[in-house]
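Take a look at the letters that make up each chain.
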Amino acid sequence: KPDSAKPFFLFLSFESPIHDICYYTIRTMEPDSDLAKHTPEDILRLENQMHALEKSEGTDKFFSHPSPDAPGFDPTDYAPPLPANFEPMQDEPQAIRNLIALRPFRAKARKVWGERGWREHRWMYAQLTDEQDPFIGTVLDALKKSGLATNTIVVFFSDHGENNGSHRLDHKTVFYNEASQVPFIFAGDGIVA
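The text that follows walks through the structure, step by step, so that each part is easy to find.

Rules behind the numbers
- Residues numbered from 1 in each chain as written.
- Predicted model: local features only at pLDDT ≥ 70, side-chain atom pairs only at ≥ 80, totals over all residues.
- Heavy atoms only, no water.
- Helix = DSSP H or I, 4+ residues; strand = E, 2+ residues; numbered from the N terminus.
- Buried < 20%, exposed > 50% of the residue type's maximum accessible area, 1.4 Å probe, protein only.
- Contact = heavy atoms within 4.5 Å.
- Areas by Shrake-Rupley, 256 points an atom, 1.4 Å probe, with all protein chains shown as cover.
- Core = buried A, V, L, I, M, F, W, Y, C linked by side-chain atoms within 4.5 Å.

**Regarding the overall build of the protein**
Then, in step 1: Looking only at helices and strands, one finds seven helices and two strands in the protein.
Then, in step 2: Counting helices and strands in the order they occur from the N terminus, the protein gives α-α-α-α-α-α-β-α-β.
Then, in step 3: Taking all 193 residues of the protein together, 34% fall into the buried category.
Then, in step 4: For the protein, the share of sequence-separated contacts (at least 6 apart) that also reach a separation of at least 24 residues comes to 70%.
Then, in step 5: Summing over all exposed atoms, the protein offers an accessible surface of approximately 12,200 Å²; the carbon and sulfur share of this is 59%.

Written out as C-alpha cells, the structure reads:
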C-alpha cells in the first residue's frame, strides 16, 4: 500500500536508441578506431543495430516513396524520407564544422552517405526507438499493479537529441534543434497540460 510519509524516487535509463545508434556510424565509417572496440556492451549494441537493419536488406520497396493514403500502407515497411533540412546550411558556422571535425567518422558519414545511407540510419533509429515502448509499458503496468500509479508522477526525458540526418549529421554535439531539443513529458494523476 502506498505510504505518502515515505516518498521514493526511481530512475530508469534506457540507452537505446540514443547511444546504440552512435555505434552504427562509428562502426561503418571507422571500424578500426578506438571508439569501435568491441567490449561486451558494444557487441550487444552491434547486435541491436544489425537486428534493426534486417528489414532493409534486398528490397527496393523499402526505399520507395509511397503515399500514406495508399491502400495497405504500413510505415514500418519503408525507410523514413530525408528531413527537409537534410543539406548543411550554406552559411554554416565554422564552429560547427570544427566540432564535426573532432570526430572524423561524422565528417566521413556527412561526405560519403547518400540518400540510402541516411534513410537506413533514420529507419534504424526509428526501430531502436520503437523497441523501447514495451519497456516503458512494463514500468507503467508495474505502477498500476502496485497501487502506486495514483500518487506517482512519471517524468520522461532524454539527455540529448539526435540530428537524425538533419544537416547531414547524426549524433549530438552541435546545438541544432534536433540535437538539443528533447522529450520532456510529465504524466500522472493531477498533471494538467
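There's more to say after this.
**Section: the nonpolar core**
Then, in step 1: Listed in full, the 12 residues of the largest apolar core are Ile 21, Tyr 24, Ile 26, Met 29, Phe 86, Phe 105, Ala 109, Trp 113, Trp 118, Met 124, Tyr 125 and Leu 128.
Then, in step 2: Among the elements of the structure, helix 1 (20–29), helix 4 (104–112) and helix 5 (115–130) are those that each provide at least two residues to this core.
Then, in step 3: The next biggest cluster of nonpolar side chains, apart from the first, holds five residues, and it includes Ile 96, Leu 169, Val 174 and Tyr 176.

**Quick notes on the environment of Ala 179**
Then, in step 1: Its location among the elements puts Ala 179 in helix 7 (residues 177–180).
Then, in step 2: Separated by 13 residues in sequence, Ala 179 and Ser 166 place their C-alpha atoms 9.4 Å apart.
Then, in step 3: Setting aside anything within four residues of it in sequence, one finds Ala 179 in contact with His 160, Gly 161, Glu 162, Asn 163, His 171, Lys 172 and Val 174.

**Considerations on the side chain of His 121**
Then, in step 1: Within the element layout of this structure, His 121 appears in helix 5.
Then, in step 2: The buried category is assigned to His 121, whose relative accessible area is 0%.
Then, in step 3: Sequence-distant contacts of His 121, defined by excluding residues within four places in its chain, comprise Ile 21, Tyr 24, Thr 25, Trp 113, Glu 162, Asn 164 and Asp 170.

**Considering unusual backbone geometry**
Then, in step 1: One non-glycine residue with positive phi stands out, namely His 167, at about 60°.
Then, in step 2: With respect to the helices, strands and loops of the structure, His 167 is situated in the loop between strand 1 (154–157) and helix 7.
Then, in step 3: Unlike most non-glycine residues, Thr 173 shows phi in positive territory, near 70°.
Then, in step 4: Along the chain, Thr 173 turns up in the loop between strand 1 and helix 7.

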